[in-house]
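# Remarks on the overall topology
Letter by letter, the chains look like this.
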Amino acid sequence: MKYTFPKDFWWGSSASGPQTEGRFTGDGKGENIWDYWYELEPKKFFDQVGPDKTSRVYEKYQEDVQLMKQIGHNSFRTSIQWSRLIPNGTGTVNQAAVDFYNHYIDELLANGIEPFFNLYHFDMPLALQEKGGWTNRETVDAYVTYAKTCFELFGDRVKKWFTHNEPIVPVEGGYLYQFHYPNHVIMEEAVAVGYHENLASAKAIQSYHEMDLDGEIGIILNLTPSYPRDENNPEDVKAAQMADAFFNRSFLDPAVKGEFPEELMTVIKELDIVPEIQEGDLAIIKNNTVDLLGINYYQPRRIKAKETSIDPSHGPMPDDYFDYYDMPDKKINPYRGWEIYEKGIYDILTNVRENYGNIRCFISENGMGVEGEERYINEDGQIDDDYRIEFVTDHLKYVHQAIQEGTNCLGYHMWTCMDNWSWTNAYKNRYGFISVDIKNEGKRTIKKSGHWFKTVAENNGFID
């Protein structure tokens, strides 16, 4: 069957500043929470590889853009590092960072690749984290100033902006489940973080539109559909709806509809952990929704009614309202431990069409991390990652189906362009179209999937 995508479909990949740029003598970058956490506890990071040892895009961006062009990109998303541009989070702008981002943007444009820029990808400047990070309302104001600085510096050429990537992750990782710094388990703080991220996003959108720049601004959300164990069991269905409210709709609803889910508001009111909502806040959120929605999809969430006892040791938690369901016979990526469920991407796109006004959207991340890819190097030195080609193909078929049914999906970006550093997992799992040898000056080699992707982009589809 032939799968053809709409004209001018965005083919490319996504990455982030903190996961790719690296640190170099004289670059002027300030400390962020990842730099600090690595200095504090390097053994928490796989093979003790820290954020200074990322894929060195800061010095290799020209080579990288040529490789993107070679594998068929017409668009590419990355992020500006707040701590690189404004080392202390507020105050003086780092001219070396301005020069770098200007050169990077210009290089992309010169090669026919549209830059999509995200403003926040988990990389809180340490100076602001020391004052509470997203728990502190002052961070909202600092972020909006940072966002406006970016728009002023780069908005003449960058026409696709995003306020946050996966804003639920700092909530979950930093304040509930201990996989991001500062490793707190305090739901009241988690709620404040989520609220301030939502408010910061709306305020940045307001500023962007007030500047009357010729572009659009959105948000990137990791939407993980919550499926009940038994769709005919009302308690399972209710539990799945609660999980969805906590982890998806907490950002999707305010971003697109300008309001918070009722189920979520009811819970935080019952728990008496409503954050401080100042006069005018809700109007700002209501009136500054996104122009464009980026959707990251990796895996589904399987949910059942609460059957285990509630653990009171940390106080209230989202999973007091549901249990995770370990569905038998599911397909698994054994390296990441994540379920592979291709139809999930179709269900998300259908939900966005039916319940969120069919907002303009695109798949901003989707990918497969594999450990030990050197096992698949052929005699020519290329990694034959047929499993990645299969993974992307199977997801693209469902994206195509959703588009055929009317979903306003404009593109597909895989995570990621080239293998990059991934938080505490560092380089444990590789995701790229291009391999990176961190032991050999970050040498790049296009994988089989990269060459395959070029044919998909050139043909605006594929035959399967």
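Bear in mind the structure is a predicted one, so any value in this text is a computation, not a measurement.

Right, let's talk about the layout of surface pockets for a bit. Estimates place the volume of the largest pocket at around 1000 Å³. The wall of the largest pocket is formed by 36 residues, among which Phe179, Asn222, Gln299, Arg336 and Trp338 lie closest to the centre. No other element matches helix α8 (residues 168–175), which puts 3 residues into the lining of the largest pocket. Looking at the lining of the largest pocket, its residues break down into 14 nonpolar, 13 polar and 9 charged. Its boundaries defined by the atoms lining it, the second largest pocket holds a volume of some 600 Å³. Forming the walls of the second largest pocket are 22 residues, and the residues nearest its centre are Glu374, Arg430, Val436, Asp437 and Ile438. If you list the elements that add at least two residues to the lining of the second largest pocket, you get β15 (434–437) and β16 (443–446). At 3 residues, the largest contribution of residues to the lining of the second largest pocket is made by β15. Looking at the lining of the second largest pocket residue by residue, the class counts come to 7 nonpolar, 5 polar and 10 charged.

As a further point, take helix α2 (residues 33–40). Buried within α2 we find Ile33, Trp34, Asp35, Trp37 and Tyr38. Looking at the buried positions of α2, the neighbouring elements they touch are α6 (126–129). Sitting at the head of α2, asparagine 32 places a side-chain oxygen 2.8 Å from the backbone nitrogen of tryptophan 34.

With mixed pairing, the 3 strands of this open sheet are ordered in space as β7-β9-β10. For this open sheet the edge positions go to β7 (226–228) and β10 (323–324), each flanked by a neighbour on one side alone. Both strand β9 (residues 301–304) and β10 contribute to a ladder of 2 bridges, which runs antiparallel. Residue pairing for β10: lysine 304 is matched across the bridge by aspartate 323.

Going through the model one piece at a time under the given rule, you end up with 49 aromatic pairs. Positioned above the aromatic ring of tyrosine 356 is the side chain of lysine 257, whose terminal nitrogen or guanidinium carbon lies 4.4 Å from the ring centre. Directly above the ring of tyrosine 341 sits arginine 302, whose terminal nitrogen or CZ lies 4.7 Å from the centroid.

Judged by pairing direction, the barrel is parallel, and its 8 strands sit side by side in the order β2-β3-β4-β5-β6-β8-β13-β14 before closing back on the first. Going from strand to strand, the sheet's axes swing by 25° on average, the running direction of each strand aside. Across 2 bridges, the pairing between strand β13 (residues 361–365) and strand β14 (residues 409–415) is parallel. The residue of β14 that forms the bridge with isoleucine 363 is tyrosine 412. Docked against the sheet, helix α9 (residues 187–210) engages β5 (160–165) and β6 (216–222), running at close to 165° with respect to β5.

Turning our eyes to something else, we now look at the pairing of β16. Residue alternation in β16 divides its side chains into a buried set, Arg444 and Ile446, and an unburied set, Lys443 and Thr445. Strand direction decides the pairing type here: β15 and β16, joined by 4 bridges, are antiparallel. Residue aspartate 437 lies in a different strand from β16, and its bridge partner there is lysine 443.

Before going further, it helps to spend a moment on the nonpolar core. If you look at soluble globular proteins, the nonpolar side chains tend to sit buried side by side. Counting residues in each nonpolar core, the largest one holds 134 residues, and the members touching the most others are Trp82, Tyr143, Phe154 and Trp161. Counting residues per element, this core draws most heavily on α9, which supplies 11 residues. Not counting residues within four places of it along the chain, the set of residues in contact with phenylalanine 154 comprises Ile80, Leu85, Val98, Tyr101, Asn102, Ile105 and Trp161. The next biggest cluster of nonpolar side chains, apart from the first, holds 7 residues, and it includes Trp10, Ile220, Leu292 and Leu410.

Following the sequence through the fold, arginine 444 ends up in strand β16. Within polar-contact distance, the side chain of arginine 444 engages the side chain of aspartate 64 at 2.8 Å. A polar atom in the side chain of arginine 444 sits 2.7 Å from the backbone oxygen of glycine 442. Setting aside chain neighbours within four positions, we find arginine 444 in contact with Ser55, Arg56, Val57, Lys60, Glu63, Asp64, Leu67, Met418, Ile434, Ser435 and Val436.

What counts, and at which threshold
Residues numbered from 1 in each chain as written. Predicted model: local features only at pLDDT ≥ 70, side-chain atom pairs only at ≥ 80, totals over all residues. Heavy atoms only, no water. 1 Å grid on protein atoms, 1.4 Å probe; cavity = no way out; pocket = protein on both sides within 12 Å on 5 of 7 lines; lining within 4 Å. Points joined across faces, edges and corners; volume = space filled by probe spheres on them. Helix = DSSP H or I, 4+ residues; strand = E, 2+ residues; numbered from the N terminus. Nonpolar A, V, L, I, M, F, W, Y, C, P; charged D, E, K, R; others polar. Buried < 20%, exposed > 50% of the residue type's maximum accessible area, 1.4 Å probe, protein only. Contact = heavy atoms within 4.5 Å. Polar contact = N/O pair within 3.5 Å; in protein donor to acceptor, adjacent residues only side chain to side chain. Pairing = 2+ DSSP bridges. Phe/Tyr/Trp six-rings, centres within 6.5 Å; stacked < 30°, edge-to-face > 60°. Lys NZ or Arg CZ within 6 Å of the ring centre and 35° of its normal. Axes fitted to C-alpha atoms, helices over the stretch in contact; angles between N-to-C directions. Core = buried A, V, L, I, M, F, W, Y, C linked by side-chain atoms within 4.5 Å.

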